[in-house]
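Each chain, letter by letter, is given below.
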Amino acid sequence: MNTAAIRALLLAAAIAAPFSTAQATGRLTCETVAPDKWLTEDALTKKLTADGWLVRFMKKDGGCWEVYGTTPEGQRVEAYFHPATGEKLLVGQRGKILFRAGEK
Amino acid sequence: MRFLNSKYALWLLLALPAVPMAAALTGSPRDPAGQPVTEMLLHPTGEFAARFMIVAMILSPLRQLFPRSGFLLWMMQRRRYFGIAAFAYALAHTALYIVDMGSAVSILGEFFILGIWTGWLAMAVMLPLAATSNEWAVRQLGRGWSALQRCVYPAALATLIHWIFVHNNLGPALAHFLPLAALETYRVWKHFTAPTIKRTAQ
């Protein structure tokens, strides 16, 4: 390969790369639940608070409730819950998986 | 472009991404989606720290590719400002993290997670680099200055690992670091292939 071709390739890669990523996290996908079957934010917050969690913020991700908060053990985590049952599915602390449903 | 030749104008430009961040900080404690602003700002501050670090690092190999580029020379003469900017955003990133965590116990509690200690390491390495990014330090350190500033490579590696593992997400981190990796690979390749003996065609 000649130098000009290498230059062109490198430049193209450098320009294209930052635009090539999608924003979806894809960390977990939950089964589809009808909108009216979803736990409300308040309901899930109440349930988790009763269990000793501190809920700071939640959003919908991959059809699940993704909760930003603190576990009863005091770990700052991002955790996924089933949208209808509120079952704990995945808990990650700064990228370290602390819990995954169905594993142990 | 002449306006930008003033270092103050360049500083202003480098500080531009901080304007909406500062505005968010002085506004409501939660963003429109309900996320605490200190947590929401962790992403953009960290990203701009990495971006400016990459810009500062990418100039040398780019100049090998385009030795006659006036723009790259212009950038090279101002590289230190990009390094300082990277440090400033990293500092804001760290400060926001500390405020967002709220207590030493919770910070220490997650210190040894791979995605966290690598971030602290990158910050620790950047500290002396930023502290010596001035004329006086350049004069005092002489040859040692360049050797010291080369610590930016381990800092960049730590930043990359921090970015990937703190969210278990390869995409955004690689999108930023792949161009740098490609250029550094080219640089190393060039280094080992450069002193070739010119042969005449037979």
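Residues numbered from 1 in each chain as written. Chains lettered and ligands numbered in written order. Predicted model: local features only at pLDDT ≥ 70, side-chain atom pairs only at ≥ 80, totals over all residues.

Moving on: the pairing of strand 3 (residues 76-81) of chain A. All names here are of chain A. Most of strand 3 sits out of view: 6 of its 6 residues are buried. Side chains R76, E78 and Y80 of strand 3 all project onto a buried face; the interleaved residues V77, A79 and F81 project onto the opposite face, where all are buried too. Judged from the 6 bridges that link them, strand 2 (residues 64-70) and strand 3 form a sheet pairing that is antiparallel. Bridging across to strand 3, T70 finds its partner in R76. Once strand 2 ends, the chain turns through 5 residues before running back antiparallel as strand 3, passing G74 with a positive phi of about 90°. Examined bridge by bridge, strand 3 and strand 4 (residues 88-93) share 4 bridges and lie antiparallel to one another. Its bridge partner lying in strand 4, E78 is registered against G92. The turn joining strand 3 and strand 4, which pair antiparallel and follow one another in sequence, is formed by 6 residues; a positive phi near 75° is taken by G86. (Buried ≥ 20, exposed ≤ 12 C-beta atoms within 10 Å, placed from the backbone. Helix = DSSP H or I, 4+ residues; strand = E, 2+ residues; numbered from the N terminus. Pairing = 2+ DSSP bridges.)

What follows concerns the packing of helix 6 (residues 79-101) of chain B against helix 8 (residues 114-131) of chain B. All names here are of chain B. Orientation of helix 6 relative to helix 8, taken along the N-to-C sense of each, is 140°, at an axis distance of 10 Å. With respect to their mutual orientation, helix 6 and helix 8 come out oblique. Judged by the sense of rotation from one axis to the other, the crossing of helix 6 with helix 8 is left-handed. Each of G83, I84, F87, A90 and T94 in helix 6 lies in contact with helix 8, whose residues at this interface are M123, M126, L129 and A130. Looking at the contact of helix 6 with helix 8 residue by residue, the classes come out as 7 nonpolar, 2 polar and no charged. (Axes fitted to C-alpha atoms, helices over the stretch in contact; angles between N-to-C directions. Parallel < 35°, antiparallel > 145°, perpendicular 65-115°, else oblique. Left-handed = near helix turned anticlockwise from the far one by under 90°. Contact = placed C-beta atoms within 7 Å. Nonpolar A, V, L, I, M, F, W, Y, C, P; charged D, E, K, R; others polar.)

Function cannot be read off these values alone, since they describe shape.
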